Amino acid sequence: MNHMQTTLRHHFRWHSDPPRWPAHRVSYADVSGWWRNPDLLAQLGPMLGGLFPKGDPTVVMGVQSRGLLLGPLVAIHLGVGFVEVRKGAERAAHTDQWFVRTTAPDYCDEQQELAVRRAVLRGTDRVLFVDEWIATGAQATACRQLVADAGADWIGAAVIVDGLDDAEPRRRLPVRSLLRLRDLED
């Protein structure tokens with residue numbers, strides 16, 4: 001494990017609530033330590049941006065909410081713009097035009113409507129997708145479809161944690177990560 005992976009693991013916690021009955025235990029990943037550590041936060045943009053060294057993006061894309069935190073860090077490092085993807089975006093007027101896609105069921109077996117303003121995603125763009133975690137690939141796949149809807153080029157998905165169980169979306173998207181889920185398990 002390299003220094004960055006060790007630092008990410010050190011500032012990460014699994015939390016579990018006591019079970020209400022034996023079959024139901026709630027567990028979640030707490031990544032808030034990553035945002036709290038200023039040195040780690042400063043390194044995330046360069047580290048994620050470096051996962052696709054030959055990608056030459058013109059824009060970084062991130063999904064609400066944590067993609068909106070990480071995406072600008074990567075965009076600043078790469079010297080490119082940022083495109084936000086909203087969940088269930090409200091349209092202010094009929095002239096407010098969006099590309100919209102619905103995800104396949106995610107890790108909670110829920111579907112999300114993802115949307116990006118047409119004015120900010122151009123057919124000439126080369127898009128690098130950024131997020132903190134990928135579990136099923138549903139959001140990244142829908143974002144790739146949004147990029148295709150705009151006629152832009154998809155580079156790939158740069159994530160902190162690759163939690164994919166299936167290698168197919170890892171190849172198809174493609175996904176590159178700083179950690180694999182197994183790196184966070186004791």
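Quick note: structure is the one above.
Now for a look at the structure at hand. (Residues numbered from 1 in each chain as written. Predicted model: local features only at pLDDT ≥ 70, side-chain atom pairs only at ≥ 80, totals over all residues. Heavy atoms only, no water.)

1. Some thoughts on the sheet that holds strand β8 (residues 153-162)
We count it as follows: The criterion for strand pairing is that DSSP finds at least two bridges linking the strands in question. Numbering of helices and strands starts at the N terminus; helices are DSSP runs of H or I of at least 4 residues and strands are runs of E of at least 2. For helices, the fitted axis covers only the stretch in contact; all axes are lines through C-alpha atoms, and the angles between them, taken along N-to-C directions, range from 0 to 180 degrees. Whether two residues are in contact is decided by their heavy atoms, any of which lying within 4.5 Å being enough.
Ordered by their spatial adjacency, seven strands build an open sheet running β5-β6-β4-β3-β7-β8-β9, and the pairing between neighbours is mixed. Pairing within the sheet leaves two strands with one partner each, and these edge strands are β5 (98-102) and β9 (175-180). Averaged over neighbouring strand pairs, the angle between their axes works out to 25° when direction is ignored. Examined bridge by bridge, β5 and strand β6 (residues 113-117) share five bridges and lie antiparallel to one another. Residue pairing across strands places Arg-101 opposite Leu-114, the latter belonging to β6. Packing against the sheet, helix α3 (residues 38-49) makes contact with β7 (126-134), β8 and β9, and its axis sits at approximately 130° to β8. Running over the sheet, helix α5 (residues 138-149) touches β3 (59-63), β4 (81-87), β5, β6, β7 and β8 and is turned about 145° from β5.

2. Thoughts on the environment of Arg-66
The condition that has to hold: Definition of a polar contact: a pair of N or O atoms within 3.5 Å, with one able to donate and the other able to accept a hydrogen when the atoms are protein atoms, and with sequence-neighbouring residues admitted only if both atoms are side-chain atoms.
In this fold, Arg-66 is placed in helix α4 (residues 66-78). Sequence separation between Arg-66 and Trp-133 is 67 residues; the distance between their C-alpha atoms is 9.0 Å. If sequence neighbours within four positions are ignored, Arg-66 has contacts with Val-31, Trp-35, Asp-131 and Glu-132. Within the local environment of Arg-66, its side chain forms a polar contact with the side chain of Glu-132, the two groups lying 3.1 Å apart.

3. Some remarks on the pairing of β4
Sheet topology places β3 next to β4; five bridges connect them, and they run parallel. What sits directly across from Val-63, in β4, is Val-85. The pairing of β4 with β6 spans two bridges and is antiparallel. From the neighbouring strand, Lys-87 faces β6, where its bridge partner is Leu-114.

4. As for helix α1 (residues 3-10)
Rule in force here: Using a 1.4 Å probe on the protein chains alone, a residue whose accessible area is under 20% of its type maximum counts as buried, one over 50% counts as exposed, and one in between counts as partly exposed. The arc in question is formed by the directions pointing from the helix axis toward the C-beta atoms.
Looking at α1, one finds that the buried residues are Met-4, Gln-5, Thr-7 and Leu-8. In a view along the axis of α1, the buried residues occupy a sector of 160°, so they form one face of it. In α1, the exposed positions that point more than 90 degrees away from the buried face belong to His-3 and His-10. Looking at where α1 begins, the residue whose side-chain oxygen comes 3.0 Å from the main-chain nitrogen of Met-4 is Asn-2.

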